[in-house]
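So the chains spell out like this:
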Amino acid sequence: MPRFHELTVRDVKKTIRDAVVVTLEPANGESFDFIQGQYLTFRRDFDGTEVRRSYSICAGRGEGVLQVGIKKVDGGAFSTWANEDLQPGMVLEAMEPMGSFHTPLDATAQRSYLGFAGGSGITPVLSILKTVLATEPRSDFTLVYANRGVNSIMFREELEDLKNLYMGRLNIIHVLESDAMDIDLFQGRVDAEKCAALFEHWIDVENVDTAFICGPEPMMLGIAKALKDHGLSEEQIKFELFASAQPGRLARKATSAEAGTQAARTQATVTLDGTTRSFEMDKDLSVLDAALENAMDAPYACKAGVCSTCKCRVIEGEVEMIANHALEDYEVERGYVLSCQSYPLTDRVVVDYDQ
Amino acid sequence: MTDEMNIADYLAQGGRLTNPANVPPRYRAELMKLMSIFVDSELAGAAGFADVINDGPGIKERIAAARIVLEKTDHADKVLRLMGEFGANTDRYVGHHPWTDRLPRDTAPGSARSAHDMRLSVFNYPLEGWVDAVVMNLLMGHAVSVQLEDMARVTYQPLAEALREVLPVERRHTELAEEGLERLTAEGQGAAIADSLSYWRPRVAAVFGDPSEERMAQLQAWGLRHASAPEMRAEWEKRLDAALTRLGLTETA
């Protein structure tokens, strides 16, 4: 199971008005190796609610530094806090780097990479392009970077510096939605049509080995379509989707009126490893999460109702199991439920993990 | 650049999901199920095969069997690692199920899963010796290829990538089975092979199961399943019959 590690904030730098680059260092000197294009998942408590958010690493693999880019999202608790209150010296908690938005590198290879980034989708693409150019001296990288206007271009100066550093191997095409550009081609949205036009004169798409795309969904679809129309295979196109669809809570089915009351809370009694504890819990919380919140080391693995590790038996009261992919009918009949999928219906619920 | 679209529309138009943070809960649940079926089947398959390594008549056969055990376990690891990114307790996972558990040999063919893990039903039946293991490996190998070819198109990009790595290795396991059967046939084991074929064929056929029409439509809309069970079963029959013809084996029904 992924663990959270403490990272000390070494630097917080504004890159544009509403985005920061945060430099981090593992607090206890442990290694925190990452692959280009990966992301970190942070957790922080906001008024008693744990918020988890993932942000892509923007540093190159060989740079010897761990950096993420955090763009402020309207109403986003974590990103607003990171942009307004985060200071050097503070400690953040993050899981080890994850994600597979990368391809294996080979120092002797001569490859052509094509990257598409929309807005803050630049962060993993920047990590990839820096790593690729440093690790594969014979490879080249073309970046198509879509933004609303000049002011919203993250890492604009750094990209200019990289262009000079990797003269002839890094090609950057800025496409701006609202600011006027000298050439029509570089204005508007990056969609399938725009890509097709770019592939005509500006990008040698036939020789592209791998394409990386990170941006909003419609943009990625348009680009992927254009790439496929121009002969790239599924394997050659790597997506990284924004976390715009952060998982919310699964909507609960209507509850049967006679079984429960309108009360929002329930009195729960949970037995685990021979110990029984009672606590009051929200009916919107799963039995498993309530047990965990009450410092009980309740067993779970997939938390998707799949693995049945979180199986427990309802002794008293009634719960609603909103998904069950593991228990057999006869077990359900005997009162077994998957606690990660079970929400109290009655004002009192007694469950047992030991049976 | 701030457009957001419905995840179902996005997937229907060829979009890909790339990490646990952008996977909606119901999709996630179905994806986890797909992955745990794969992981549990690989682990149970490897565990069953591990027991017959020493039944191999020669050193080459034992090496082949040991390699199959190693590689199937490695395949489980590849996908379990992805489940780990969703918060699955991967350390606990492997030790949680008794992967060598089997039902009595004479249990009727069927697609009911065991109560405690997600392995395909075929892995609930015990192997009886070397010939039986090789026959099962041939039959199941072709079924695995057909299923993985479908699964490798899954809209969860990390899983699709993992399965594309797994597929050629699994195909090689099937080739090893065919080579093994060729030798066993030459050694006059035809009757034992025929017995095993008729035992395993209905049991492997049962792994092609469709969920309810409604759920299948949802899985297809999300790009988690593509072909239907009858389509996949037909493709499996075709490949298997071609292999049996190559081997000069005709099944006693």
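Above this text you will find the structure in question.
In what follows, the accompanying structure is described. (Residues numbered from 1 in each chain as written. Chains lettered and ligands numbered in written order. Predicted model: local features only at pLDDT ≥ 70, side-chain atom pairs only at ≥ 80, totals over all residues.)

1. Some thoughts on the packing of helix α5 (residues 129–151) of chain B against helix α9 (residues 229–247) of chain B
The geometry of a pair of packed helices is captured by two quantities: the angle between their axes and the separation between those axes. All names here are of chain B. Taken N-terminus to C-terminus, the directions of α5 and α9 make an angle of 140°; their axes are 9 Å apart at the nearest point. One finds that α5 runs oblique with respect to α9. As for how α5 packs across α9, the hand of that crossing is right-handed. Within the contact between the two elements, α5 uses Leu138, Leu139, His142, Ala143, Val146, Gln147 and Asp150 and α9 uses Met232, Glu235, Trp236, Arg239, Leu240 and Ala243. Among the residues forming the contact of α5 with α9, the class breakdown is 8 nonpolar, 2 polar and 3 charged. (Axes fitted to C-alpha atoms, helices over the stretch in contact; angles between N-to-C directions. Helix = DSSP H or I, 4+ residues; strand = E, 2+ residues; numbered from the N terminus. Parallel < 35°, antiparallel > 145°, perpendicular 65-115°, else oblique. Left-handed = near helix turned anticlockwise from the far one by under 90°. Contact = placed C-beta atoms within 7 Å. Nonpolar A, V, L, I, M, F, W, Y, C, P; charged D, E, K, R; others polar.)

2. Description of the nonpolar core
Membership of the largest hydrophobic core comes to 132 residues, with the highest contact counts inside it found for Ile213(A), Ile223(A), Met35(B), Val79(B) and Val135(B). Sequence-distant contacts of Ile213(A), that is, excluding residues within four places in its chain, are made with Phe116(A), Met220(A), Ile223(A), Ala224(A), Ile237(A), Lys238(A) and Phe239(A). Membership of the second largest hydrophobic core comes to 20 residues, among which are Ala291(A), Ala298(A), Val314(A) and Tyr353(A). (Core = buried A, V, L, I, M, F, W, Y, C linked by C-beta atoms within 7 Å. Buried ≥ 20, exposed ≤ 12 C-beta atoms within 10 Å, placed from the backbone.)

3. What about the sheet that holds strand β13 (residues 275–282) of chain A?
Residues and elements named next belong to chain A. Strand order in the open sheet formed by 5 strands is β13-β12-β18-β14-β16, and the pairing between neighbours is mixed. Two strands close off the open sheet at either side, each with one partner strand: β13 and β16 (336–338). Averaged over all adjacent pairs, the angle separating strand axes in this sheet is 35°, with direction ignored. Pairing of strand β12 (residues 265–272) with strand β18 (residues 348–352), which is carried by 5 bridges, proceeds in the parallel orientation. Directly across from Thr271, in β18, lies its bridge partner Asp352. (Pairing = 2+ DSSP bridges.)

4. Overview of the pairing of β13(A)
Two faces make up the sheet, and in a regular strand the side chains alternate between them. Residue and element names in this part refer to chain A. Relative to β13, β12 runs antiparallel, the two sharing 8 bridges. Note that in β13 the partner of Ala268 across the bridge is Phe279. Linkage of β12 to β13, two consecutive antiparallel strands, is achieved through a turn of 2 residues, within which Asp273 is found at a positive phi near 50°.

5. Some remarks on the pairing of strand β11 (residues 237–241) of chain A
Residues and elements named next belong to chain A. Most of β11 is tucked away: 5 of the 5 residues are buried. Of the two faces of β11, the one carrying Ile237, Phe239 and Leu241 and the one carrying Lys238 and Glu240 are both buried. Inspection of the sheet shows strand β10 (residues 210–215) paired to β11 by 5 bridges, in the parallel sense. Bridge assignment links Ile213 to a residue of β11, and that residue is Phe239. What joins β10 to β11 is helix α5 (residues 217–229), and the crossover it makes is right-handed. (Right-handed = clockwise from strand over helix to strand, strands pointing away.)

6. A short note on the sheet that holds strand β5 (residues 66–71) of chain A
Two strands in a sheet stick together by hydrogen bonds in their backbones, pointing the same way (parallel) or opposite ways (antiparallel). Residues and elements named next belong to chain A. Taking strand neighbours across the sheet as the criterion, the 6 strands line up as β4-β3-β6-β1-β2-β5 in an open arrangement whose pairing is antiparallel. Looking at which strands have only one partner, the edges of the open sheet turn out to be β4 (49–56) and β5. With direction set aside, neighbouring strand axes in the sheet form an average angle of 40°. Bridging between strand β3 (residues 39–46) and β4 involves 8 bridges; their strand directions are antiparallel. Paired with Thr41 across the two strands is Ser54, which belongs to β4. Sheet strands in contact with helix α1 (residues 77–84) are β2 (19–26), β3, β4 and β5, and its direction is about 110° off that of β5.

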